[in-house]
Amino acid sequence: VTSNFSYSCHKYYPPNAPGGWRYTDPTGGGPLLDVGIYLAFGIREILGERIAQVLPLNKNTFSPPGSQIADSTASCFITDKGTPGTFVTSFAHDAQYVNFYGTKGNLTVKDLFYQTPGAILECNSEEGGQYILNTKDDAGLAHYDNYRREFEHFSQCLLNKTQHSPSEDECLTDALLLDALKQNASTLAVPTPADFLK
């Protein structure tokens, strides 16, 4: 897996402007918590695997004056089932893609994670077949309020006493991964929710 969710945050949320907490809040700021959560969630959901080991590096690459947080994180990882990958998130450039390489081809999803609907999906098989689905320019694709749908789902689960998705353990799994990625370290084991709660 190779993944990157980055955007030029300095253009939209400089440190002394509304939204500037992304650069100045040591607890809630930085690209990991702003956009890295989408990679953590997406990789876990699509693979059905937990990232178990990381080799993170946090660095300032293009931080504006007043920034107090590393603006880029790059990490290699291995899941609990042995899948290797890379995880990059940054405020210094624009890139949104996740590549999955398999034994019979690869799947790429790009230009995703926007507030507006649409993305590009490319599927390439080792036999030479290629399929591309581009919904970015589909005028018939209605805009949706994704946050409203999240609240509706959670509310329905509370009312019906059913399990919400992601579950508590899945949310904690993602949070523990982001905490591990915040560190500059040699290979680091990411605790499981069960280990964390002991």
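Look up: the structure comes first, before these words.
Predicted model, so just to flag it, every value in this text is computed and none were measured.

A closer look at the overall build of the protein
The secondary structure content of the protein amounts to 6 helices and 9 strands. Relative to the 2.2 N^0.38 estimate, which gives 16 Å for 198 residues, the radius of gyration of the protein is 18 Å and therefore close to what a compact globule would have. With the C-alpha coordinates of the protein rotated into their principal frame, the extents come out at 50 × 45 × 45 Å. For the protein, buried positions account for 37% of its 198 residues. In the protein, of all internal contacts separated by at least 6 residues, the share reaching a separation of at least 24 is 58%. Looking at the protein as shown, the accessible area adds up to about 11,400 Å², and 57% of this sits on carbon and sulfur atoms. With 14 positive and 22 negative side-chain charges, the protein shows a spacing of 2 Å between the two charge centroids.

Focus on the packing of aromatic side chains
Under the counting rule described, the total for this entry stands at 6 aromatic pairs. Centre to centre, the rings of Y7 and F91 are 5.6 Å apart; their planes meet at 70°, and the pair counts as edge-to-face. Residue Y7 is found in the loop between β1 (2–6) and α1 (9–12), and its partner F91 is found in the loop between β4 (84–90) and β5 (95–101); the two are separated by 84 residues along the sequence. One exposure class covers both Y7 and F91, and it is buried. Pairing Y23 with F91 gives two aromatic rings, centres 5.2 Å apart and planes at 65°, and the pair type is edge-to-face.

Observations regarding the environment of K136
With respect to the helices, strands and loops of the structure, K136 is situated in the loop between β8 (130–134) and α4 (146–160). Note on K136: relative accessible area 35%, which makes it partly exposed. Separated by 19 residues in sequence, K136 and P117 have C-alpha atoms that sit 7.0 Å apart. Each residue touching K136, except ones within four places of it in the same chain, is listed here: D111, Y114, G118, A119 and I120.

Some remarks on unusual backbone geometry
With an omega of 5°, the peptide bond running from S165 to P166 counts as cis. Even without being glycine, K161 reaches a positive phi, approximately 55°. Looking at where K161 falls in the secondary structure, it is placed in the loop between α4 and α5 (168–181). Note on K161: relative accessible area 77%, which makes it exposed.

Here we look at the pattern of salt bridges
Tallied over the entire structure, the rule returns 7 salt bridges. Across the pair K110 and E122 runs a salt bridge, and its minimum N-O distance is 2.9 Å. Placement of the pair is K110 in strand β6 (residues 105–110) and E122 in strand β7 (residues 120–125), with a sequence separation of 12 residues. Owing to a relative accessible area of 28%, K110 belongs among the partly exposed residues under this scheme.

The rules behind the values
Residues numbered from 1 in each chain as written. Predicted model: local features only at pLDDT ≥ 70, side-chain atom pairs only at ≥ 80, totals over all residues. Heavy atoms only, no water. Helix = DSSP H or I, 4+ residues; strand = E, 2+ residues; numbered from the N terminus. Rg over C-alpha atoms; globule rule 2.2 N^0.38 Å. Buried < 20%, exposed > 50% of the residue type's maximum accessible area, 1.4 Å probe, protein only. Contact = heavy atoms within 4.5 Å. Areas by Shrake-Rupley, 256 points an atom, 1.4 Å probe, with all protein chains shown as cover. Lys, Arg positive; Asp, Glu negative; His and termini not counted. Charge placed at Lys NZ, Arg CZ, Asp CG, Glu CD. Phe/Tyr/Trp six-rings, centres within 6.5 Å; stacked < 30°, edge-to-face > 60°. Salt bridge = Lys/Arg side-chain N within 4 Å of Asp/Glu carboxyl O.

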